[in-house]
Amino acid sequence: MALQLYDTYSRQLRDFQPLTPPTVGLYACGPTVYDYAHIGNLRTYLFEDILHRVLAFNGYTVQHVTNITDVGHLTSDADEGEDKMEKGAKRTGKTAWEIAELYTQAFKRDLKHLNILEPGIWCRATDHIQEQIEFIQGIEAKGFTYQTSDGVYFDTSQLSDYGFLARLDIEGLQAGARVAMAEKRNLTDFALWKFSSAEQTRQMEWDSPWGRGFPGWHIECSAMSAKYLGSFFDIHCGGEDHIPVHHTNEIAQTQACHGTHLANFWMHGYFLQVNEAKMAKSSGEFLTLQRLIDKGVDPLSYRYFCLGACYRAKLNFTWESLEGAGVALNRLRSLSYSWGEAGTADKDYIQRFTSYINNDLNMPQALALTWEIAKGDLPDATKKATIVEFDKVLGLRLAEWSPTVEPIPEEIMALAQQRHEARLEKRWQEADQLRAQIAAAGYTVKDTAEGPQVYLDGGS
């Protein structure tokens, strides 16, 4: 029953124990708000939401922090190219500040649609410039920086284990380099602070001890996580694409400044793929959650779809698989609603559920157990109570769902009334046959003290 989580840093499944129980410090890398999040991005936040819920299910208090990157993320991870915020501003005709607010609010709406718990603390990079400057000064004082004509850089050669998180082959990278290093000493060195160009006007820039400019992408997470959670906390999360660069550099910065690798556990969600290729904004073709909604898809169908795979496995998206998830979700909703009021949850099933989710968030097994109960012979009130308890982790809002009230065809209502009369007269076989006729027409009948209630199967 002990909670075990896969730690990318050690490459193994480890027993989880909070550093300062019962509180768990959880930091999740948030969006760069230059465009809408796509559903591949959102899969990572669904994984982090499940993690948050599993920790809470185990009785822990989760101190969840997520950043908003609204400056410093260049179009190239090699500290080259245009700032993504400046690029987004040109594309939209809005200011960088305006698009940051626009896409931040859009992201938060997506989280709400997917029933993702909001973090306790949102922190914007632009609200923490001073903290980032002070963190860089701490790194500088330890002798890990050097200055070039375009910025202040971290000297990765000063760390003997730089790249351990990603198991980087530093010598191989250097030997195979095909990019111009300019004034960088090492291929893997990265910017801590970039100087503003005299030829280019920036909307987001600040004075610093090194000159006017803006922070590099990686420093914000090191500085803000340390501010809110300390220099060594429980869990740091993000997408798998963060492993070789962003999270590797966060660790390097914190090792230099504080002597820790920042988090006790490093956890990463894997890509959503379309036709076996990663979904990415850079391709110009990506699916937003709003596009799914515009096509009539219930956002929680996408949540259900993601529950069907391990967070550490790539998941291939098809419209057919999403439709299948929606059908299954609506069936589960209808069953749960038909069970009426909840009674007492079954302890044995709760223990089994806990063993599954505590096995590195094994949601496919948890979902299979949910259906085992739904199709089993437990009393309805017990089914309802048990699955509602499961839903604290599943996050499907099962207890809140009720069928759409729509006019029911007269012929269906007549069948329901015939069934009601057959039940009163204990003609059980006839009642069952009538119920089957109603179900075949796409409706569900529920017996109440006021008489039969009929609703469209799968309505919401």
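The structure we're discussing is the one just above.
Along each chain, residues carry numbers from 1 onward, in the same order as the chain's sequence is written. Local features in this predicted model are restricted to residues whose pLDDT is 70 or higher, and side-chain atom pairs enter the listing and the counts only when it is 80 or higher, whereas totals over whole chains, interfaces and linings include all residues. In computing side-chain values, all of the structure's heavy atoms are included and hydrogens and water are not.

## A few points about the side chain of Arg202
As for its position among the elements, Arg202 is in the loop between β8 (190–195) and β9 (213–215). Side chain to side chain, Arg202 and Asp83 meet in a polar contact 3.4 Å long. Nitrogen and oxygen atoms within 3.5 Å of one another constitute a polar contact, given that in protein one can donate a hydrogen and the other can accept it, and given that sequence-neighbouring residues count only through two side-chain atoms. A distance of 3.0 Å separates the side chain of Arg202 from the backbone oxygen of Met204, its partner in a polar contact. Beyond its immediate chain neighbours, meaning those up to four positions away, Arg202 contacts Val71, Asp83, Glu86, Ser196 and Phe214. Helix numbering and strand numbering both begin at the N terminus, where a helix is a DSSP run of H or I of at least 4 residues and a strand a DSSP run of E of at least 2. Any two residues whose heavy atoms approach within 4.5 Å are treated as being in contact.

## Focus on helix α14 (residues 410–424)
An expected span of 1.5 Å times one less than the residue number is assigned to each helix. Look at α14: 21 Å from first C-alpha to last across 15 residues, which is about the 21 Å you get at 1.5 Å a residue. Here α14 has its buried residues at Ile412, Leu415, Ala416, Arg419 and Ala422. Angularly, the buried residues of α14 cover 120° about the axis, an arc narrow enough to put them on a single face. The exposed residues of α14 that point more than 90 degrees off its buried face are Glu410 and Leu424. Where the residues of α14 are buried, they touch α15 (428–440), β15 (443–448) and β16 (451–456). Backbone geometry just downstream of α14 places Lys426 in the positive-phi region, at approximately 60°. Think of it in three bands: residues with accessible area under 20% of the maximum for their type are buried, residues over 50% are exposed, and the middle band is partly exposed, with areas taken using a 1.4 Å probe on protein chains only. Arc definition: it is the arc formed by the directions from the helix axis to the C-beta atoms.

## Focus: the pairing of strand β2 (residues 12–15)
Strand direction decides the pairing type here: strand β1 (residues 4–7) and β2, joined by 4 bridges, are antiparallel. By the bridge assignment, Tyr6 is partnered in β2 with Leu13. Hairpin connection of β1 to β2: 4 residues between the antiparallel strands, including Arg11 at a positive phi of 60°. Following DSSP output, two strands are said to pair if at least two bridges run between them.

## Things to note about the packing of helix α2 (residues 84–92) against helix α3 (residues 96–113)
For every element, the axis is a line fit to its C-alpha atoms; helices are fit only across the contacting stretch, and the angle between N-to-C directions ranges from 0 to 180 degrees. At their nearest, the axes of α2 and α3 sit 8 Å apart, and the two run at 90° to each other. As summarised for this structure, α2 and α3 are arranged roughly perpendicular, according to the angle between their axes. Where α2 abuts α3, its residues Met85, Gly88, Ala89, Arg91 and Thr92 lie against Ala96, Ile99, Ala100 and Tyr103. For this scheme, ten residues count as nonpolar: Ala, Val, Leu, Ile, Met, Phe, Trp, Tyr, Cys and Pro. Four count as charged, namely Asp, Glu, Lys and Arg, and the remainder, Gly too, count as polar. Taken together, the residues that form the contact of α2 with α3 break down as 6 nonpolar, 2 polar and 1 charged. For classification, angles of less than 35 degrees are called roughly parallel, those exceeding 145 degrees roughly antiparallel, those between 65 and 115 degrees roughly perpendicular, and all remaining angles oblique.

## Focus on the sheet that holds strand β7 (residues 151–154)
With respect to topology, 4 strands assemble into an open sheet ordered β6-β7-β8-β9, the strand pairing being antiparallel. Of all strands in the sheet, those with a lone pairing partner are β6 (145–148) and β9, marking the two edges. For this sheet, the mean inter-axis angle between neighbouring strands, taken without regard to orientation, is 25°. With 4 bridges connecting them, β7 and β8 associate as antiparallel partners. By the bridge assignment, Tyr153 is partnered in β8 with Ala191. Along the sheet face, helix α7 (residues 243–258) touches β7 and β8 and points at about 85° away from the line of β8.

## A word on the packing of aromatic side chains
Each Phe, Tyr or Trp ring, with Trp reduced to its six-membered ring, pairs with another whose centre is within 6.5 Å; inter-plane angles below 30 degrees give stacked pairs, above 60 give edge-to-face pairs, and intermediate values give tilted ones. Taken as a whole and assessed by the stated rule, the structure comprises 19 aromatic pairs. Aromatic side chains Tyr45 and Phe107 sit 4.9 Å apart centroid to centroid with 75° between the ring planes, which places their arrangement in the edge-to-face category. Of this pair, Tyr45 sits in helix α1 (residues 39–57) while Phe107 sits in helix α3, placing them 62 residues apart in sequence. Residue class for Tyr45 comes out buried when judged on its relative accessible area of 11%. Under the relative-accessibility criterion, Phe107 is labelled buried at 3%. For the pair Trp193 and Trp210, a centre-to-centre distance of 6.2 Å together with 45° between the ring planes defines the contact as tilted. Pair noted here: Trp193 is in strand β8 and Trp210 is in the loop between β8 and β9, with a separation of 17 residues, a long-range link. Classification of Trp210 by relative accessible area gives buried; the value is 11%. Every member of this aromatic cluster is reached through a ring pair, and the members are Tyr302, Phe305, Phe317 and Trp319. Two limits define a charge over a ring: the Lys NZ or Arg CZ must be within 6 Å of the ring centre, and within 35 degrees of the ring normal. The ring of Trp319 carries Lys295 above its face, with NZ or CZ at 5.0 Å from the centroid.

## Quick look at the nonpolar core
A general tendency of soluble globular proteins is for nonpolar side chains to be buried together. Ile235 and Tyr302 are the most contacted members of the largest nonpolar core, which has 70 residues in total. At 9 residues, α1 tops the list of elements feeding residues into this core. In contact with Tyr302, not counting residues within four places along its chain, are Ile39, Gly40, Arg43, Leu46, Leu114, Leu272, Leu292 and Leu322. Counting 36 residues, the second-largest nonpolar core is a separate cluster that includes Ala89, Phe144, Ala226 and Ala252. Remark: nonpolar core denotes a set of buried residues (Ala, Val, Leu, Ile, Met, Phe, Trp, Tyr, Cys) joined through side-chain atoms within 4.5 Å.

## Side note on the pairing of strand β10 (residues 233–239)
The buried fraction of β10 amounts to 7 of the 7 residues, a majority that puts the element mostly inside the structure. Relative to strand β11 (residues 263–269), β10 is paired through 6 bridges, and the arrangement is parallel. Note that in β11 the partner of Gly239 across the bridge is Gly269. Note on handedness: a crossover is taken as right-handed if, strands pointing away from the viewer, the path from the first strand over the helix to the second is clockwise. A crossover links β10 with its parallel partner β11, the connecting element being α7, and its sense is right-handed.

## A short note on the packing of helix α9 (residues 299–307) against helix α10 (residues 319–338)
Close contact between α9 and α10 brings their axes to 8 Å; oriented N to C, the two are set at 100°. Classified by the angle between their axes, α9 and α10 sit roughly perpendicular to one another. On α10, the residues touching Leu300, Ser301, Tyr302, Tyr304 and Phe305 of α9 are Ser321, Leu322, Ala325, Gly326, Ala328, Leu329 and Arg333. Class assignment of the residues belonging to the contact of α9 with α10 gives a composition of 8 nonpolar, 3 polar and 1 charged.

## Examining the environment of Ala256
Of note, Ala256 is situated in helix α7. Considered as a pair, Ala256 and Lys142 are 114 residues apart in the sequence and their alpha carbons are 6.7 Å apart. Once residues within four sequence positions are removed from consideration, Ala256 is found in contact with Ile139, Lys142, Phe144 and Phe154.

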